[in-house]
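Chains, contacts and geometry: an overview
Spelled out, the chains give:
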Amino acid sequence: MNMRSLAALCCIWTAACGDGQSGPAGPIAVEPPDGAIALGADLYMVPLAEPVDGCPAFRAFSPNRMVVQAIYFRTADGRFVMDRQEADCT
């Protein structure tokens, strides 16, 4: 067995011999960021620090659900959309 093979085998063996613990021990309590707008159960829109093309922009946030990582804008009727052309930027 050459040194490269032996080194690879040692790395695999070391990685496989973990303590069986992975990730947090339990749920982590996360509060919504300041200024977050509640949309429903565990779903919020958080204002971005800087406007995008002069228009207020938002990002989705949830403490325990997956969300789309995109920039959202708000329409005149209060909906959140990803299309900048539909946004009410006044």
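For the structure, check the block above.
In this report, the structure presented in the accompanying data block is examined. Being a predicted model, the structure only gives us computed values, none of them experimental. (Residues numbered from 1 in each chain as written. Predicted model: local features only at pLDDT ≥ 70, side-chain atom pairs only at ≥ 80, totals over all residues. Heavy atoms only, no water.)

What about the sheet that holds strand 3 (residues 58-61)?
In space, the 3 strands of this open sheet follow the order 1-2-3, with antiparallel pairing throughout. Two strands close off the open sheet at either side, each with one partner strand: strand 1 (37-40) and strand 3. Mean inter-strand twist for the sheet, computed between neighbouring axes without regard to direction, equals 30 degrees. Of the strand pairs in this sheet, strand 1 and strand 2 (residues 43-47) are connected by 3 bridges, and their pairing is antiparallel. Directly across from alanine 38, in strand 2, lies its bridge partner tyrosine 44. (Pairing = 2+ DSSP bridges. Helix = DSSP H or I, 4+ residues; strand = E, 2+ residues; numbered from the N terminus. Axes fitted to C-alpha atoms, helices over the stretch in contact; angles between N-to-C directions.)

Notes on the packing of aromatic side chains
On inspection of all chains with the given rule, the structure shows 2 aromatic pairs. Seen from their ring centres, tyrosine 44 and phenylalanine 61 are 6.2 Å apart, and the 45 degrees between their planes marks the pair as tilted. With tyrosine 44 in strand 2 and phenylalanine 61 in strand 3, the pair connects residues that are 17 residues apart, well separated along the chain. Just as tyrosine 44 is buried, phenylalanine 61 falls in that class too. Consider the rings of phenylalanine 58 and phenylalanine 80, whose centres lie 5.0 Å apart with planes at 80 degrees: the pair is edge-to-face. Within this pair, whereas phenylalanine 58 is found in strand 3, its partner phenylalanine 80 is found in strand 5 (residues 80-81), the two being separated by 22 residues in sequence. We classify phenylalanine 80 as buried; its relative accessible area is 17%. (Phe/Tyr/Trp six-rings, centres within 6.5 Å; stacked < 30°, edge-to-face > 60°. Buried < 20%, exposed > 50% of the residue type's maximum accessible area, 1.4 Å probe, protein only.)

Points about the state of the cysteines
All chains considered together, the criterion is met by 1 disulfide. Linked covalently through their sulfurs, cysteine 55 and cysteine 89 form a disulfide whose S-S length is 2.0 Å. Residues cysteine 55 and cysteine 89 share a disulfide whose torsion about the S-S bond is about -85 degrees; that sign makes it left-handed. Taken as a pair, cysteine 55 in the loop between strand 2 and strand 3 and cysteine 89 in the segment after strand 5 lie far apart in primary sequence, 34 residues in all. (Disulfide = S-S within 2.5 Å.)

Digging into the pattern of salt bridges
What the rule picks out here adds up to 2 salt bridges. Among the salt bridges present, the one from arginine 79 reaches aspartate 77, with a minimum N-O distance of 3.2 Å. Taking relative accessible area as the criterion, arginine 79 reaches 43% and is therefore assigned partly exposed. Note on aspartate 77: relative accessible area 57%, which makes it exposed. A salt bridge links glutamate 86 to arginine 79; the nearest nitrogen and oxygen atoms lie 3.7 Å apart. One network of salt bridges, with partners in common, ties together Asp77, Arg79 and Glu86. (Salt bridge = Lys/Arg side-chain N within 4 Å of Asp/Glu carboxyl O.)

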